[in-house]
Amino acid sequence: MRPAVPQNLKRRILKDSLRKNEQRDTAFRRIIRSVPKGKVSTYGKIAAAAGYPLYHRAVARLLRNAPLQGLPWQRIVGAGGEIKLRGEAAAEQRLRLEIEGVKFRGRRIDMKIYEHPLRSWETLK
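This write-up is about the structure you can find in this document. (Residues numbered from 1 in each chain as written. Predicted model: local features only at pLDDT ≥ 70, side-chain atom pairs only at ≥ 80, totals over all residues. Heavy atoms only, no water.)

1. Some remarks on the overall build of the protein chain
The criterion, for reference: Strands here mean DSSP runs of E at least two residues long; helices mean DSSP runs of H or I at least four residues long; both are numbered from the N terminus. Buried means the residue's accessible area, taken with a 1.4 Å probe over protein chains only, is under 20% of the maximum for its type, while exposed means over 50%, and partly exposed covers the values in between. Any pair of residues with heavy atoms lying within 4.5 Å of one another is described as a contacting pair. Values of accessible area rely on a 1.4 Å probe in the Shrake-Rupley scheme; residue burial ignores everything except the protein chains shown.
A tally of regular secondary structure across the protein chain gives 6 helices and 4 strands. By the burial criterion, 39% of the 125 residues in the protein chain qualify as buried. Taking all contacts inside the protein chain whose residues are at least 6 apart in sequence as the whole, residues at least 24 apart take part in 66%. In the structure as shown, the protein chain presents an accessible area of about 8,100 Å², 54% of it carried by carbon and sulfur atoms.

2. Points about the packing of helix α2 (residues 22–33) against helix α4 (residues 56–65)
The line we're drawing: Here an axis means a line fitted to C-alpha atoms, over the contact stretch when the element is a helix, while the angle between two N-to-C directions is reported on a 0 to 180 degree scale. These descriptions rest on fixed angle ranges, namely under 35 degrees for roughly parallel, over 145 for roughly antiparallel, 65 to 115 for roughly perpendicular, and the rest for oblique. Residues are grouped as follows: Ala, Val, Leu, Ile, Met, Phe, Trp, Tyr, Cys and Pro are nonpolar; Asp, Glu, Lys and Arg are charged; all remaining types, including Gly, are polar.
The N-to-C vectors of α2 and α4 enclose an angle of 80°; their axes lie 10 Å apart at closest approach. Taken together, the axes of α2 and α4 are roughly perpendicular relative to one another. Here α2 contributes R24, D25, F28, R29 and I32 to the contact with α4, which in turn contributes A58, V59, R61, L62 and L63. Tallied by class, residues from the contact of α2 with α4 come to 6 nonpolar, no polar and 4 charged.

3. Focus on the environment of A58
Within the secondary structure, A58 is located in helix α4. It is 8.3 Å that separates the C-alpha atoms of A58 and D25, two residues lying 33 residues apart in sequence.

4. Side note on the side chain of T42
Short version of the rule: Two N or O atoms form a polar contact when they lie within 3.5 Å of each other; inside protein one atom must be a possible hydrogen donor and the other a possible acceptor, and for residues adjacent in sequence the pair counts only when both atoms belong to side chains.
Positionally, T42 belongs in strand β1 (residues 41–42). The class for T42 is buried, based on a relative accessible area of 8%. Separated by 3.1 Å, the side chain of T42 and the backbone nitrogen of K45 make a polar contact. For T42, the contacting residues outside a window of four places in its chain are I76, V77, G78, A79 and M111.

5. Considering the nonpolar core
Note the following rule: The set of buried Ala, Val, Leu, Ile, Met, Phe, Trp, Tyr and Cys residues whose side-chain atoms join them within 4.5 Å is what this entry labels a nonpolar core.
Ranked by size, the top nonpolar core spans 20 residues in total, and within it F28, I32, I46, V59, L63 and I76 carry the most contacts. For I46, the residues in contact, after removing those within four places along its chain, are F28, I31, I32, V35, S41, V59, I76 and L118. Counting residues in hydrophobic clusters, the runner-up holds 10 residues, among them I83, F104, I109 and M111.

6. A short note on helix α5 (residues 87–99)
The criterion, for reference: The span you would expect from a helix comes to 1.5 Å times its residue count less one.
Under the 1.5 Å per step criterion, the end-to-end length of α5 is 19 Å for 13 residues, consistent within 8% with the ideal 18 Å. The inward-facing, buried residues of α5 contact β2 (76–77), β3 (104–105) and β4 (108–109).

7. Quick word on the pattern of salt bridges
The cut-off we apply is this: Here, a salt bridge means any side-chain nitrogen of Lys or Arg that lies within 4 Å of a carboxyl oxygen of Asp or Glu.
Summed over all chains, the structure comprises 9 salt bridges. Its salt-bridge partner being R29, residue E22 comes within 3.3 Å of it at the nearest N-O pair. Judged by its relative accessible area of 42%, E22 is partly exposed. In this structure, the salt-bridge partner of R94 is E98, at a minimum N-O distance of 3.0 Å. Here R94 pairs with E98, and both are found in helix α5, just 4 residues apart, close to one helical turn. Residue classification places R94 among the partly exposed positions, given a relative accessible area of 29%. By relative accessible area, E98 is classed as partly exposed at 38%. Taken together, the shared-partner salt bridges in this structure form one network comprising R24, D25 and R61.

Now the structure itself:
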C-alpha cells in the first residue's frame, strides 16, 4: 500500500502539473515513445519513469492538449489497465490497441501480459 500524500502536497503538485513545463513534457514524450507496439503503460508509470512521480495528471494533460506528433498515445492507459477516455476516443483507443495485438478482458487489459517495463528517465537521455 502506498503511503498517504499530504493534502497540501497534492494541491501543490496538481497546481504545478497544470503549468507549462517543456523539460517535463519532453521527458514524458521520451518515455511514451519507448512503449513498443503491442504493449501499454500507465499515466503514473510514465510520470515516475520520467522523473516526476505523482504527476500522472500532467501526463494525461499532455496527451489531451499537446499536438501528438507521432506519439503512441493509445498505449497509455489508467492504472489497472483500464481505458480512461470516454466515448469515441475510448473506442478509437481500444481499436488501435486491438490492431496492435493487445487483448482485453472485458474493459481491462491484463497488465501482467501487456505492460511494458519502463526504464528510468536517467537511462533514456
